[in-house]
Amino acid sequence: MENVVVYSSNTCPYCVAAKDFLKSNDIEFTEKNISTDTDARMELMKMGHMGVPVIIVGEEEVVGFDEPKLKKLLELE
């Protein structure tokens, strides 16, 4: 299984949807909350992103909650 990281914030409904999707499919992930974790915010900015969610699956970046792309990357289809 690929390593999955979710960059999220406290006020992001799409982050909640993405995390719920991963949980409902029994996908383990690491959450990096940019609202409370300055290092996570800096990491996200270095990748060139200003918004969340950004979901990293292995080497792939998924910007926003793109369920079809996540299903493909996580081989849920």
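The preceding data block contains the structure.
K.L.:
With reference to specific residues and values, describe a negative patch on the surface.
P.N.:
The grouping of Glu-2, Glu-59, Glu-60, Glu-61 and Glu-75 at the surface amounts to a negative patch. Here Glu-59 falls in the exposed class, since its relative accessible area comes to 80%.

K.L.:
Give me the state of the cysteines: which residues, what numbers.
P.N.:
Throughout the structure, instances matching the rule amount to one disulfide. The disulfide that involves Cys-12 links it to Cys-15, with 2.4 Å between the sulfurs. An S-S torsion of about 90° defines the bridge between Cys-12 and Cys-15 as right-handed. Of the residues examined, Cys-15 reaches a relative accessible area of 0% and is grouped as buried.

K.L.:
Go over helix α2 (residues 38-46) with me, naming the residues and quoting the values.
P.N.:
For α2, the capping residue at the N-terminal end is Asp-37, with a side-chain oxygen 3.0 Å from the backbone nitrogen of Asp-39. Residue Gly-48 follows α2 closely and has a positive phi angle near 95°.

K.L.:
Provide a residue-level description of the nonpolar core, including the pertinent values.
P.N.:
Counting residues in hydrophobic clusters, the biggest one holds 11 residues: Val-4, Val-6, Ala-18, Phe-21, Leu-22, Ile-27, Ile-55, Val-57, Val-62, Leu-70 and Leu-74. Among the elements of the structure, β1 (4-8), α1 (13-24) and β3 (54-57) are those that each provide at least two residues to this core. If you tally residues by element for this core, the top one is α1, at three residues. Excluding anything up to four places from it in sequence, Ala-18 contacts Ile-55 and Phe-65.

K.L.:
Can you break down the side chain of His-49 residue by residue, with the values?
P.N.:
Residue position: His-49 is located in the loop between α2 and β3. Engagement of the side chain of His-49 in a polar contact is seen with the side chain of Glu-61, the distance being 2.6 Å. Here His-49 is in contact with Leu-44, Val-54, Glu-61 and Val-63, once residues within four sequence places are set aside.

K.L.:
Talk me through the pattern of salt bridges; I want residue IDs and the actual numbers.
P.N.:
Applying the stated criterion across every chain, the model contains three salt bridges. In this structure, Lys-19 engages Glu-31 in a salt bridge whose closest nitrogen and oxygen atoms are separated by 2.8 Å. Here the residue Lys-19 occupies a position in helix α1, and Glu-31 occupies one in strand β2 (residues 30-33), the gap between them amounting to 12 residues. Note on Lys-19: relative accessible area 13%, which makes it buried. Between Glu-67 and Lys-71 there is a salt bridge, with its nearest N and O atoms 3.4 Å apart. One end of the pair, Glu-67, and the other, Lys-71, are both in helix α3 (residues 67-73), four residues apart, so they sit about a helical turn from each other. The class of Glu-67 is partly exposed, set by a relative accessible area of 31%.

About the criteria used
- Residues numbered from 1 in each chain as written.
- Predicted model: local features only at pLDDT ≥ 70, side-chain atom pairs only at ≥ 80, totals over all residues.
- Heavy atoms only, no water.
- Patch = residues over 30% accessible without salt bridge, like charges linked within 9 Å, V, L, I, M, F, W, Y side chains within 5 Å.
- Areas by Shrake-Rupley, 256 points an atom, 1.4 Å probe, with all protein chains shown as cover.
- Salt bridge = Lys/Arg side-chain N within 4 Å of Asp/Glu carboxyl O.
- Lys, Arg positive; Asp, Glu negative; His and termini not counted.
- Charge placed at Lys NZ, Arg CZ, Asp CG, Glu CD.
- Buried < 20%, exposed > 50% of the residue type's maximum accessible area, 1.4 Å probe, protein only.
- Disulfide = S-S within 2.5 Å.
- Polar contact = N/O pair within 3.5 Å; in protein donor to acceptor, adjacent residues only side chain to side chain.
- Helix = DSSP H or I, 4+ residues; strand = E, 2+ residues; numbered from the N terminus.
- Core = buried A, V, L, I, M, F, W, Y, C linked by side-chain atoms within 4.5 Å.
- Contact = heavy atoms within 4.5 Å.

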